[in-house]
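Below, each chain spelled out in residue letters.
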Amino acid sequence: MSEERLLEDPSRPDRDASFEERLRAARAKAGLDRTEAAGKGTPSPWGLGVRAGLEVASALAVGVGFGLALDWWLSTRPLFMVVGLFLGGAAGVMNVYRLMLGRRGPGPDRTRGS
Amino acid sequence: MAAEGKTMDALSQFELTPIVAGFSNSNLYMLIAGVAISALMLIGMQPRARVPGRLQSLAEVSYEFIYGLVRDQIGHEGKKFFPFVFTLFMFILFGNMLGMLPYAFTFTSHIAVTFTLALVVFVLVTAVALAIHGLHFFSYFFPEGAPKALAPLIIPIEIISYLSRVVSLSVRLFANMVAGHVMLKVFATFVVMMGSAGVLGLLGALAPLAINVALVGFEFLVAFLQAYVFAVLTCIYLHDAVHLH
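Just so you know, these numbers come straight off a predicted model, no measurement behind them. (Residues numbered from 1 in each chain as written. Chains lettered and ligands numbered in written order. Predicted model: local features only at pLDDT ≥ 70, side-chain atom pairs only at ≥ 80, totals over all residues. Heavy atoms only, no water.)

Undergrad: Lay out the confidence of the model for chain A in plain terms, naming residues and giving numbers.
TA: Residues and elements named next belong to chain A. Here chain A averages 73 in pLDDT, and 60% of its residues register 70 or above. Scored below 50 in pLDDT, residues 1–6 makes 2 contacts in the model with residues more than four places away or belonging to other chains. When the criterion is pLDDT under 50, residues 34–40 qualifies, and its contacts beyond four places in sequence or with other chains add up to 11 contacts. (pLDDT = per-residue confidence, 0-100. Contact = heavy atoms within 4.5 Å.)

Okay, structure coming up:
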């Protein structure tokens, strides 16, 4: 039985595959390959939604906060608050855009191992 | 404490009470967290056994967990940031976990604390980026290839986006801890209120009790997850600072 197995070698390709896998894991561990660590652990839809909402809200808060501070300094009460509101909203959309792309900027930026 | 009369008091658990002048219960738990982490790492690693015991395993697992995280997220240059990320992660993790003990105070449930932690990360990231890239760092705020005419619009947006990291980082941790502890307290109050309303109430109190049991488990998950998220985001920001564009 065992001889037959050896001759037929049904376990061989399987073994090769496992070797390849182990090699890849070892290479990744040694930092030879760029792992897809950034992509793993994708959050649940609910978590992603909350995160996106938080990104928009915090950017809005910073924008409006800046606007109010500028208004207080230059005593131009509603002007910079309104400007900050729009800029903060744009920054929030930018944050969510980046969140969805994963990391910073479009893909090539990352895969080329900058 | 849980239910005075018929009122629900879910927020008093976040009150600061001075133990000594200028030293609140929040500070006390920060101190406990610091001592506990030091004890875990120092006493846990004392045997230096090849086959580690429980405490040594815990110390090694937490070390390797963060080490792997830093290596994967920042890369090889990131190894010098390992002590920082590890300290940050352990401090937040212990703060969250200590908060799960009955009668304990959760110091991560205060925006002042989480904002300070986020600010430390932010200042470090900015300082690292400036130290490595010098003035080139400011090109971060203007993506190459964008039309020059849009600069007055893009630069403020990018700066706001950059600054909003502090807010989102701190609010995420703070909000998660507050929401979790308020929920626990609210359902615990339900149990007490219904339990004091006769036999039928006692039976009815089983439902919020069951929910609370599930919530406690969930809160342990959140306690770990939020510390992890904080550490991961710190690593991502550090990665951005090291590899600018």
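Read on for the rest.
Undergrad: Kindly report on the environment of His243(B), identifying the contributing residues and their values.
TA: Residue and element names in this part refer to chain B. Examined against the element boundaries, histidine 243 turns out to sit in the segment after helix H7 (206–242). Note on histidine 243: relative accessible area 15%, which makes it buried. Histidine 243 sits 114 residues away from alanine 129 along the chain, and the two C-alpha atoms are 8.5 Å apart. Separated by 3.3 Å, the side chain of histidine 243 and the backbone oxygen of isoleucine 74 make a polar contact. (Helix = DSSP H or I, 4+ residues; strand = E, 2+ residues; numbered from the N terminus. Buried < 20%, exposed > 50% of the residue type's maximum accessible area, 1.4 Å probe, protein only. Polar contact = N/O pair within 3.5 Å; in protein donor to acceptor, adjacent residues only side chain to side chain.)

Undergrad: An account of the confidence of the model for chain B is needed here, citing residue identities and associated values.
TA: Taken as a whole, chain B shows an average pLDDT of 91; of its residues, 97% reach a score of 70 or greater. Within chain B, the lowest mean pLDDT, 87, falls on helix H6 (residues 198–204) of chain B, and the highest, 96, falls on helix H3 (residues 82–98) of chain B.

Undergrad: How would you explain the side chain of His110(B) if you had to name every residue and give the values?
TA: Residue and element names in this part refer to chain B. Along the chain, the position of histidine 110 falls in the loop between H3 and helix H4 (111–133). By relative accessible area, which is 18% here, histidine 110 ends up buried. Sequence-distant contacts of histidine 110, defined by excluding residues within four places in its chain, comprise Phe14, Leu16, Phe105 and Phe174.

Undergrad: Quick one: what's the story with the packing of aromatic side chains, residue by residue and with numbers?
TA: Residues and elements named next belong to chain B. This model, assessed by the stated rule, comprises 20 aromatic pairs over all chains. On the numbers, 6.2 Å between centres and 10 degrees between planes, the contact of tyrosine 63 with tyrosine 67 is stacked. Here tyrosine 67 and tyrosine 63 lie together in helix H2 (residues 54–74), a separation of 4 residues that amounts to about one turn. On the accessibility criterion, tyrosine 63 (38% relative accessible area) is partly exposed. We classify tyrosine 67 as partly exposed; its relative accessible area is 28%. Aromatic rings pair up to connect Phe122, Phe137, Phe138, Tyr140, Phe141 and Tyr162 into one cluster. (Phe/Tyr/Trp six-rings, centres within 6.5 Å; stacked < 30°, edge-to-face > 60°.)

Undergrad: So what about the nonpolar core? Which residues, and what values?
TA: If you look at the biggest cluster of nonpolar residues, it comprises 51 residues, and the most contacted ones within it are Ile66(B) and Phe230(B). Only helix H1 (25–44), H2, H3, H4, helix H5 (151–195) and H7 of chain B provide two or more residues apiece to this core. Apart from residues no more than four positions distant in its own chain, Ile66(B) is found in contact with Phe82(B), Val85(B), Phe86(B) and Phe89(B). Formed by 7 residues, the second largest nonpolar core is a distinct cluster that contains Ala59(A), Leu87(A), Ala91(A) and Val167(B). (Core = buried A, V, L, I, M, F, W, Y, C linked by side-chain atoms within 4.5 Å.)

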